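Each chain is listed here by its residues.
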Amino acid sequence: MAEHRHYVQFSGRLLLLGFGAIGRGVLPLLLRHIGLRPEQITVLRAHDNGDDVARSYGVTQYVEPLRPDNYRAILARHVGAGDFVLNLSVNVSSLALIEYCQEHGILYLDACIEPWEGGHFDTRLTPAQRSNYAYREAALALRQRYGAGPTAVINHGVNPGLVSHFLKQALLNLAADHGMTATPMTREEWARLAHGLGVRTIHIAERDSQYGQRQKRRGEFVNTWSCEAFVDESCQPAELGWGTHERHWPAAARRYGFGRDCAIYLERPGAAVRVRSWTPGEGNYHGFLISHGESISIADYLSLHEGGQVSYRPTVHYAYHPCDDAVQSLHELAGKNWHMQPRQRLLLEDIVEGIDELGVLVMGPRRGAYWYGSQLSNVEARALVPYNSATTLQVTAGVLAGVVWVMRHPARGITEPDAMDYAEVLDIARPYLGPMVGRYTDWTPLEGRGRLFEENIDRSDPWQFCNFLVE
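Bear in mind that the values here come from a model prediction, so they are computed numbers and not experimental data.

## Side note on the packing of helix H1 (residues 21-33) against helix H12 (residues 390-408)
- Taken N-terminus to C-terminus, the directions of H1 and H12 make an angle of 50°; their axes are 9 Å apart at the nearest point. In terms of their interaxial angle, H1 and H12 are classed as oblique. Viewed along their axes, H1 and H12 form a crossing whose handedness is right-handed. Residues Ala-21, Ile-22, Gly-25, Val-26, Leu-29, Leu-30 and His-33 of H1 lie in contact with H12, whose contacting residues are Thr-392, Leu-393, Val-395, Thr-396, Ala-397, Val-399, Leu-400 and Val-403.

Below, the structure is given as structure tokens:
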């Protein structure tokens, strides 16, 4: 990769909000692949941690935390019509930023929908109100209000983000392997393809095996990407797209009572709910049912309606096994009643080895379950782009591809990853994802069950959520 392709020229200003692991990791990619000079970029960060990465690239940076009472004045100083806000921050309302950008003709992209500081833990709100489902519904309400304004892509890192494009490629691979001719273009055509293939359940199945030189210590949260953002989403209610094939209502499950009714939530934190899943490298494993926007948007996107009723929808959810130190950090977090540890440590330069295996596990087709995704090692990530691990590079590749897509399509209004051109996006991201692998497996969540203890399992359809859930 000695010569780097420029995908788009951009003449406006780019404001990068947040400069944690993802912000630092994406900066060299933006300068490498977009016709953009360092002086066009400004970094706004909430804290001064002595980081010289932005300065080393000739990029101006300011410590200016955004709050409800100052964000409009600060944004007005740095961006205007034709510019770009790249939001990689935490504790800043994505909805407020999107609304400002729509009003002022500014392009926008984020990697998740965030509330203002404290929003994830505001006990004055119901679990449904502090869910990703609720945040998505609010963003879609803005889309209805502003229509075809400046493009604002929401939820576009790797997951949510690239996994929606992985899924489309996986469906086409399955169609080819089943002897089906498929050229879906519209939302309904993609949904009909999934239905025709017999897709019942889709996991975003991830196993991060990276580890550092020293183990996690007591009172410390360790992770391969943002500790704060991971704790935030781990404490949101477990959420999943709810399929039409499901026959068993889970304990503690609730409907939201508003919006598109394409998902449900459990009245417990996502990090307190474990599910069975599978990746090629790990095999079967237990992951956490962490709430993510793609679990809801994919289920909604692949829904079919007949006579005003939903006739088909797959069950969709995240099944995340983070790095082992992060697993221990979650156990300690839960033991402290979801109060974050006083110290946080990002695994990056001190990672010894490991990979982040992240893809979509598509279950139900005749040939068995099919996993498609990235198997990026930390060694390869370091060689490809500075300031990245395997985990951050998968995210920053998705951010880069999303930014390029926004710049190429500047008048699409508020857009989700599922509505973007998967081939165009993957073409940009793929060089940074390591081996892209497709594997069939005969694994089901019933495998090996009842060997040590008898279980009351519905074996008539293995792809029901009750069979994945670890009680």
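## Section: the packing of aromatic side chains
- Applying the stated criterion across every chain, the model contains 18 aromatic pairs.
- Aromatic side chains Phe-166 and Tyr-372 sit 6.2 Å apart centroid to centroid with 90° between the ring planes, which places their arrangement in the edge-to-face category. Taken together, the residues Phe-166 in helix H6 (residues 162-177) and Tyr-372 in strand E23 (residues 369-377) connect sequence positions 206 residues apart.
- On the basis of relative accessibility, which here comes to 1%, the residue Phe-166 falls in the buried class.
- The buried category is assigned to Tyr-372, whose relative accessible area is 8%.
- Consider the rings of Trp-242 and Trp-249, whose centres lie 5.7 Å apart with planes at 85°: the pair is edge-to-face.
- Here the aromatic residues Phe-221, Trp-225, Phe-230, Tyr-318 and Tyr-320 are joined through ring pairs into a cluster of three or more.

## Considering the sheet that holds strand E24 (residues 414-415)
- The sheet built from seven strands is open, its strands ordered E5-E4-E2-E6-E7-E8-E24 with parallel pairing. Two strands in the sheet have a free side with no partner beyond their single neighbour: strand E5 (60-63) and E24.
- Here strand E2 (residues 14-17) pairs with strand E6 (residues 84-87) via four bridges, running parallel. By the bridge assignment for E6, Leu-17 is matched with Asn-87.

Reading the values: the criteria
Residues numbered from 1 in each chain as written. Predicted model: local features only at pLDDT ≥ 70, side-chain atom pairs only at ≥ 80, totals over all residues. Heavy atoms only, no water. Axes fitted to C-alpha atoms, helices over the stretch in contact; angles between N-to-C directions. Helix = DSSP H or I, 4+ residues; strand = E, 2+ residues; numbered from the N terminus. Parallel < 35°, antiparallel > 145°, perpendicular 65-115°, else oblique. Left-handed = near helix turned anticlockwise from the far one by under 90°. Contact = heavy atoms within 4.5 Å. Phe/Tyr/Trp six-rings, centres within 6.5 Å; stacked < 30°, edge-to-face > 60°. Buried < 20%, exposed > 50% of the residue type's maximum accessible area, 1.4 Å probe, protein only. Pairing = 2+ DSSP bridges.

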